[in-house]
Amino acid sequence: MNNKSAGLKISVTGIVQGVGFRPFVFTLATNHHLSGTVWNTSKGVEIEVFGSTPDIDLFYKELREQPPALARIDKITADSIPIKQINNFTINSSQVEQGQFLPISPDMSICPDCRRELFDPANRRYRYPFINCTNCGPRFSIIKDTPYDRTMTTMARFPLCSACKAEYDNPLDRRFHAQPVACHECGPRISFETKNEGIFCDERALRIAKEYIKQGKIIALKGLGGYHLVCNAENSHAVQQLRERKKRSDRPFALMAFDKSVIRKYCQINETEASELESPQHPIVLLRKNDDCSLPVNIAPSQNHLGFMLPYTPLHLLLLEPEKGFPEVLVMTSGNMSDEPIAYEDDDARQRLSLVADGFLLHNRPIHMRVDDSVIRVFENQPYFIRRSRGYAPNPILINFEMAEILACGAELKNTFCLSRSNYAFLSHHIGDLENYETLDSFERSIDHYQRLFRINPRLIASDIHPDYLSTKYAIARSTQESIPLLHVQHHHAHLAACLIDNNYYLKESVIGLIFDGTGYGTDGNIWGGEVLIGSCFSYQRRFHLAETPLPGGDTSIRNPARIALAQLFASSIDWSADLPPVQTFSQQEQSVIRSQIVNRINTPLTTSMGRLFDAVASLIGVRQIATYEGQAAIELENLYDKFEVGFYQLPIESGIIHTAELFNQIIYDLRAGVARSVISSRFHNGLSEMCLAVCKVIKTETGIETVALSGGVWQNTTLLQKTLQSLKENGFRVLIHHQIPANDGGISLGQLMVAATTFDQDLR
Ligand code: ZN
Ligand code: ZN
Ligand code: FE
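A quick note: this is a predicted structure, and the numbers were derived from the prediction, not measured. Position labels on residues start from 1 in each chain and follow its written sequence. Key to labels: chains lettered from A, ligands numbered from 1, both in the order written. Local features in a predicted model are, by the rule used here, given only for residues with pLDDT of at least 70; side-chain atom pairs are given and counted only at 80 or more, and totals for whole chains, interfaces and linings are based on all residues. As a rule here, side-chain values cover all heavy atoms of the structure and leave hydrogens and water aside.

1. A closer look at the overall build of the protein chain
And then number 1: Under the scheme used here, helices are H or I runs from DSSP no shorter than 4 residues and strands are E runs no shorter than 2 residues, and both carry numbers assigned from the N terminus. Within the protein chain, the regular secondary structure consists of 22 helices and 30 strands.
And then number 2: Within these notes, the globule rule equals 2.2 Å times the number of residues to the 0.38 power, and the radius of gyration is based on C-alpha atoms. Relative to its length of 765 residues, the protein chain is compact, with a C-alpha radius of gyration of 28 Å against a globular reference of 27 Å.
And then number 3: In terms of overall dimensions, the protein chain has C-alpha extents of about 90 × 65 × 55 Å along its principal axes.
And then number 4: Using a 1.4 Å probe on the protein chains alone, a residue whose accessible area is under 20% of its type maximum counts as buried, one over 50% counts as exposed, and one in between counts as partly exposed. Classification of the 765 residues of the protein chain by burial places 61% in the buried group.
And then number 5: When the accessible surface of the protein chain is totalled, it reaches about 28800 Å², and 48% of it is carbon and sulfur. Per-residue and other accessible areas follow the Shrake-Rupley method at a 1.4 Å probe size, with only the shown protein chains counted as cover for residues.

2. Quick look at the pairing of strand 22 (residues 511-521)
And then number 1: In terms of burial, strand 22 is a largely internal element, 10 of the 11 residues being buried.
And then number 2: For two strands to be treated as a pair, DSSP must find no fewer than two bridges joining them. Pairing of strand 22 with strand 23 (residues 527-535), which is carried by eight bridges, proceeds in the antiparallel orientation. Within the sheet, the bridge partner assigned to Gly513 lies in strand 23 and is Leu533.
And then number 3: In textbook terms, the turn of a hairpin is the stretch between consecutive antiparallel strands, and for strand 22 and strand 23 this stretch comprises five residues, one of which, Gly525, has a positive phi near 85°.

3. Some words on the coordination of the zinc ion (ligand 2)
And then number 1: Protein coordination at the zinc ion (ligand 2): the donors are Cys161 (SG), Cys164 (SG), Cys183 (SG) and Cys186 (SG), at 2.2 to 2.3 Å from the metal.
And then number 2: Each metal's donors comprise the N, O and S atoms found within 2.8 Å of it (within 3.2 Å for Na, K or Ca). Water is not part of the atom list, so some coordination spheres may appear incomplete. Site shape is set this way: if four donors have all angles between 85 and 135 degrees, tetrahedral; if opposite donors are over 155 degrees apart and all others between 65 and 115, square planar for four donors and octahedral for six; otherwise irregular. What the four donor atoms of the zinc ion (ligand 2) show is an angle range of 102 to 117° at the metal, which sorts the shape as tetrahedral.
And then number 3: Read N to C, the donor residues that coordinate the zinc ion (ligand 2) are spaced as C-x2-C-x18-C-x2-C. You can see Cys161 sitting in the loop between helix 3 (112-118) and helix 4 (162-169) and its partner Cys186 sitting in the loop between helix 4 and strand 6 (190-194), a full 25 residues away along the chain.
And then number 4: By relative accessible area, Cys161 is classed as buried at 16%.

4. Side note on the coordination of the iron ion (ligand 3)
And then number 1: Protein coordination of the iron ion (ligand 3) is provided by His491 (NE2), His495 (NE2), Asp517 (OD) and Asp745 (OD), with donor distances spanning 2.0 to 2.3 Å.
And then number 2: One can describe the donor arrangement at the iron ion (ligand 3) as irregular, given that its four donor atoms subtend angles of 86 to 169° at the metal.
And then number 3: One chain supplies every donor for the iron ion (ligand 3), spaced along it as H-x3-H-x21-D-x227-D. Placement of the pair is His495 in helix 13 (residues 491-502) and Asp745 in the loop between strand 30 (734-736) and helix 22 (748-760), with a sequence separation of 250 residues.
And then number 4: Overall, Asp745 belongs to the buried group, its relative accessible area being 11%.

5. Observations regarding the side chain of Asp615
And then number 1: Along the chain, Asp615 turns up in helix 17 (residues 610-620).
And then number 2: Discounting chain neighbours no more than four positions away, the residues touching Asp615 are Ile558, Pro561, Ile564, Ala633 and Ala634. In what follows, a contact means two residues having at least one pair of non-hydrogen atoms within 4.5 Å.

6. Examining helix 21 (residues 718-730)
And then number 1: Expected helix span is taken as 1.5 Å per residue step, with the number of steps being one fewer than the number of residues. The end-to-end C-alpha distance of helix 21 is 18 Å, a good match for the 18 Å that 13 residues give at a rise of 1.5 Å each.
And then number 2: Residues Thr718, Thr719, Leu720, Leu721, Thr724, Leu725, Ser727 and Leu728 constitute the buried set of helix 21.
And then number 3: In protein, a polar contact requires one atom able to donate a hydrogen and another able to accept it; more generally it is a pair of N or O atoms within 3.5 Å, and residues adjacent in sequence count only if both atoms are side-chain atoms. Where helix 21 begins, the capping side chain belongs to Asn717, and its oxygen is found 3.1 Å from the backbone nitrogen of Thr719.
And then number 4: Of the residues flanking the end of helix 21, it is Gly732, one or two places downstream, whose phi is positive at about 85°.

Below, the structure written as structure tokens:
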């Protein structure tokens, strides 16, 4: 290493610790004959290299372009420094500074190297259920505090054996400083327990758990971020039993199969879907069912998609390893009772799941933070999030300006929260529906955890304007207790802001927001949800909205599409004729009760919700009268869509209102003429898409705005999304859809945060 002619100091920030970054730098520097040092700081990684200029240039290029699998470089800077006479390259110990922070890697699925070792009889970790390395394994779910070090994780209780220690200390080993590293000798172990048969360990535990599944029993499986309930997906009786015990009547169950070839027997997988299934995150991917799919219908009643994932931990791989007589596909659904958060602590799981599971496949590596599985679908060859959680959280969303430290509390359903510091918006994992004590508790504890991990002290809090949301109540209480200013952000404005930021759209210039969802509190006290806004992160105006219709029973009526249909027919001055399916579901007496409730406005707010319009149409044509989960009627209506039908229903637009009476009249006309429900579904979807184009054209004429943002839970309907996107683009509009976060309320907190950040930062105005 002679002829040194240059020195360079490089600073890297992003996810660069605990992901094998220093050994990668070491190898790279050595390959390029450079001397110097690399060390971790509280902000990232610092590197000093010395050598010839061409070598340094190449080193720097490869550093930027080929970082390790789990690394994420957010910022990299380089400055020339005076040459130091050092003869080798070393990895130095970390330098910790108080108050600094670093992003943390999410939990990642087992990597190909570890997978190979898992099934290699010659490897010392052969069939070890917790094999991992710097490129894979648990992270976020086991970290108690930062800096990320084994003592700060739930692995602290497992001292390394000498063989593991040697790997952990060797900069050239794949397990150098892999904090969760372990083996048969020193690491966590599995066990299987039942009330009657006692406790079994290791391979025996696995064997008996598999035997249980084979027999059609249900087991609770402790996974990466929580418990799953597992049964044989090929056995409809087992699936039915799981539904009954879990009290979940129709909502689809997620599935797991050993590899893609198994999934292909039941579903279509395109190239993007395959790469998403096999990505390091291993999300649940919604896949279109094959026409001859032989899996029991009760896995996902009335759905034409199934949610599949591949095994993402070594334990999952061992469980699903192909074996004669053992099912190829397992139901792998969250370990909870209907509306509660998933269990992740052993004693809690034993208690809460005791009535559901016949046995428990456990392990003794504690889960510190519960993290649900992520759910995506593929839209136009890109992932489109339904739920952003395991594998993605707590990866921050990168913002192109510095923000104050802000907490945004999110909405009620599908809650997430969001915290900002510097250029980072830390959007939380999926918390769940904030409707009970357990979920609220999880929400509060998770906020504390993120604040501690990323050293954030909010100076500003944002929340929804809905006075009854538990997230709003939390925001108000904290704001009062800690004297932090509070900003209430209207629900659909937050959706719009979330979509803008998701597309790196930071401009003050307004866009058109087609914000369609189920429910959100409006500034007039009504329930909004079919909103055409003009605005930016800074402000908005409501230009058009769906016609106001009564919602007898308020938000509780979302389980009752038939009741919604009657209310919307009433508002449209259409008789409740006995031939209409929703009318048939009620007795004369029930009808008069509903009528008087509507007329006298008893517990009957007005709504402009697009979700409720879908409910009403689904009910009107006899698709669904009672819903057992949110969005069920809309999904079933979408599933009927016939892509060959080009007709559409009119939704007249007048004085800022999108009228729906005409729509119902046209549907009833078709219904009475015997038109197929699939055709009616298509004409409805097509009509909405036409309406979207019409309102955008009006606004474009008025204002010149040509950019349209599509946000809100209704845009999970990819049939409507695809149609609308296409027609808007064909008519010269630039269309922003979601990419990094869900269109549903799981993305609301990011929107609230951005509204707060821009409202309070004068420089941004
Ligand atoms: Zn690995
Ligand atoms: Zn060991
Ligand atoms: Fe919403």
